[in-house]
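If you want the building blocks of each chain, they are given just below.
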Amino acid sequence: MQIKTILFDFDGTLADTLPASFDAFKYVFKKYDGKEVSIEEIIRLFGPIEDELLRKHLENKGKLDQAIEDYYEQYEKGHDREFEGLEKIQQMLDRFAEMDVNLGIVTGKSRRALTFSLESLGIYDYFDVTIAGDDVKKPKPDKEGIEKCLKLLQNKPSEVLFVGDSESDITAGASAGVKTAAAQWFSTVQTTEFKTTPDVLFTSIPDFCEFIEENRVKKREKKAL
């Protein structure tokens, strides 16, 4: 591989924010529909942004606007804790910045949730481009978000690695013609067995960093005058 750009999914890949999202959805479905939902049931609903997911699946339509606000309030409260692996993620991003690798995000999260999480976790400024669920007509597993990044960064598919923890991430990457990496370094991930086989799989952030070091496009050293 000759990697110029790394595109990341967000939840379960760059940050262990899935528990915050699961808890917020559980809270809203319990409060407004009186329904207990499992993590597996929530994962099956993933695809559209949080607002649209609730508009589609919450039964109490008369309270939708308040339910959406409650979701975001609970999601933000879920950041008042210590995040698994955050220090290693920050070190990874610092290392990639030193390598002069382009970094981007393609996520199904809403722009509102993504911006809050990036700022709360102190990693907002690392990324050259971010594509949220609001920015596409077709969410992952469609390739639209990845192709938007390719266009914005002027990359060929062969120069890009897409990293994610879910089947939809790997499917989207394969559909866009980029190399794919499964991230399995957090204790909470969306997919453990993939139907679409990723090109590489990592359970360790340091191992992933070493892989990028070995496969990145290195700028030619300037000739001495």
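Scroll up for the structure.
What counts, and where the lines are drawn
- Numbering of residues starts from 1 in each chain and follows the order in which that chain's sequence is written.
- Local features in a predicted model are, by the rule used here, given only for residues with pLDDT of at least 70; side-chain atom pairs are given and counted only at 80 or more, and totals for whole chains, interfaces and linings are based on all residues.
- Side-chain metrics rest on all non-hydrogen atoms present in the structure, leaving aside hydrogens and water.
- Only C-alpha atoms enter the line fits that serve as axes; for helices the fit covers just the stretch in contact. Angles between N-to-C directions range over 0 to 180 degrees.
- Each helix is a run of H or I in the DSSP string that is no shorter than four residues. Each strand is a run of E no shorter than two, and both are numbered from the N terminus.
- If an angle is under 35 degrees, it is roughly parallel; if it is over 145, roughly antiparallel; if it lies from 65 to 115, roughly perpendicular; otherwise it is oblique.
- Contacts were defined at the residue level, with two residues in contact if any of their heavy atoms lie within 4.5 Å.
- Here the nonpolar group is Ala, Val, Leu, Ile, Met, Phe, Trp, Tyr, Cys and Pro; Asp, Glu, Lys and Arg are the charged ones; every other residue, Gly included, is treated as polar.
- Should the near helix be turned anticlockwise from the far one by less than a right angle, the crossing is termed left-handed; should it be turned clockwise, right-handed.
- Partly exposed residues are those whose accessible area sits between 20% and 50% of the maximum for their type, while under 20% is buried and over 50% is exposed, using a 1.4 Å probe and protein chains only.
- Whenever two N or O atoms come within 3.5 Å, that pair is a polar contact, provided that in protein one can donate a hydrogen and the other can accept it, and provided that, for residues adjacent in sequence, both atoms are side-chain atoms.
- Site definitions follow a grid-based scheme: protein atoms alone, a 1 Å grid, a 1.4 Å probe that fits but cannot get out for cavities, and for pockets an open set with protein on both sides within 12 Å along at least five of seven lines, plus lining residues having an atom within 4 Å of a point.
- Grid points are joined across faces, edges and corners, and a volume is the space filled by probe spheres set on the points.
- Centre distance within 6.5 Å is the pairing criterion for rings of Phe, Tyr and Trp, where only the six-membered ring of Trp is used; planes under 30 degrees apart are then read as stacked, over 60 as edge-to-face, and the remainder as tilted.
- The directions from the helix axis to the C-beta atoms form the arc being described.
- A strand pair is defined by DSSP finding two or more bridges across the two strands.
- Handedness of a crossover is defined as follows: with both strands directed away from the viewer, a clockwise route from the first strand across the helix to the second makes it right-handed.

Chemist: If you had to explain the packing of helix α5 (residues 86-99) against helix α9 (residues 205-215) to someone new, which residues and values would you point to?
Modeler: Packing of α5 against α9 brings their axes to within 10 Å, and their N-to-C directions diverge by 10°. Taken together, α5 and α9 sit at an angle that is classed as roughly parallel. Where α5 abuts α9, its residues Lys88, Ile89, Met92, Arg95, Phe96 and Met99 lie against Ile205, Phe208, Cys209, Glu210, Ile212 and Glu213. Partitioning the contact of α5 with α9 into residue classes produces eight nonpolar, no polar and four charged.

Chemist: Please provide a residue-by-residue account of the packing of helix α1 (residues 18-33) against helix α4 (residues 64-77), values included.
Modeler: Between α1 and α4, the shortest axis-to-axis distance is 8 Å and the interhelical angle comes to 145°. In this structure, α1 crosses over α4, and the sense of that crossing is right-handed. When α1 is examined against α4, the residues Ala20, Ser21, Ala24, Phe25, Tyr27, Val28, Lys31 and Tyr32 are found in contact with a partner set consisting of Gln66, Ala67, Asp70, Tyr71, Gln74 and Tyr75. The residue inventory of the contact of α1 with α4, partitioned by class, reads nine nonpolar, three polar and two charged.

Chemist: Can you tell me about helix α7 (residues 144-153), naming the residues and giving the values?
Modeler: For α7, the complete set of buried residues consists of Glu144, Gly145, Ile146, Cys149, Leu150 and Leu153. One or two positions beyond α7, positive phi appears at Gln154, with a value near 55°.

Chemist: Describe in detail the side chain of Asn215, supporting the description with residues and values.
Modeler: In this fold, Asn215 is placed in helix α9. Here the side chain of Asn215 touches Phe211 through a polar contact of 2.8 Å, landing on its backbone oxygen. Residues within four places of Asn215 in sequence aside, it is in contact with Met1, Gln2 and Ile3.

Chemist: Describe empty space enclosed by the protein, naming the residues involved and giving the relevant values.
Modeler: Per the stated rule, a full pass over the model turns up one cavity of 30 Å³ or more. By volume, the largest cavity is sized at about 70 Å³. Every residue along the wall of the largest cavity is listed here: Val106, Thr107, Gly108, Ile131, Ala132, Gly133, Val136, Lys138, Pro139, Lys140 and Gly145. Split into classes, the residues belonging to the lining of the largest cavity amount to five nonpolar, four polar and two charged.

Chemist: Kindly report on the packing of aromatic side chains, identifying the contributing residues and their values.
Modeler: Two descriptors summarise a pair of aromatic rings, namely the distance from one centre to the other and the angle between the planes of the rings. On inspection of all chains with the given rule, the structure shows ten aromatic pairs. Judged by centre distance (6.1 Å) and plane angle (15°), the ring pair of Phe22 and Phe46 falls under stacked. Note that Phe22 is positioned in helix α1 and Phe46 in the loop between α2 (39-45) and α3 (50-57), a separation of 24 residues in sequence. Taking the relative accessible area as the measure of exposure, Phe46 reaches 26% and is therefore partly exposed. Between Phe96 and Phe208, the aromatic rings sit 5.8 Å apart at their centres with planes inclined by 80°, giving edge-to-face as the arrangement.

Chemist: I'd love a proper account of the side chain of His79, names of residues and values included.
Modeler: Secondary-structure assignment places His79 in the loop between α4 and α5. Polar side-chain contacts of His79 include one of 2.9 Å to the backbone oxygen of Tyr75. His79 has contacts with Thr17, Phe116, Ser117 and Ser120, leaving out every residue within four places of it along the chain.

Chemist: A description of α9 should follow, citing residues and the corresponding values.
Modeler: Turning to α9, its buried residues are Ile205, Phe208, Cys209, Phe211, Ile212 and Asn215. Summarising the axial view, the buried residues of α9 lie within an arc of 160°, below the 170-degree limit, and thus occupy one face. Next to the buried residues of α9 lie β1 (5-8), α5, β4 (160-164) and β6 (200-202). By the N-cap criterion, in which a side-chain oxygen at the helix start approaches the backbone nitrogen of a residue two or three places on, α9 is capped by Ser204, the distance to Asp207 being 3.3 Å.

Chemist: An account of the pairing of strand β2 (residues 102-106) is needed here, citing residue identities and associated values.
Modeler: Taking burial as the measure, the five residues of β2 include four buried ones, the bulk of the element. Pairing of β1 with β2 involves four bridges; the strand directions are parallel. Paired with Ile6 across the two strands is Leu103, which belongs to β2. The pairing of β2 with strand β3 (residues 129-131) spans three bridges and is classified as parallel. Its bridge partner lying in β3, Val106 is registered against Ile131. Tracing the backbone out of β2, into helix α6 (residues 111-121) and back to the parallel element β3 gives a crossover that is right-handed.

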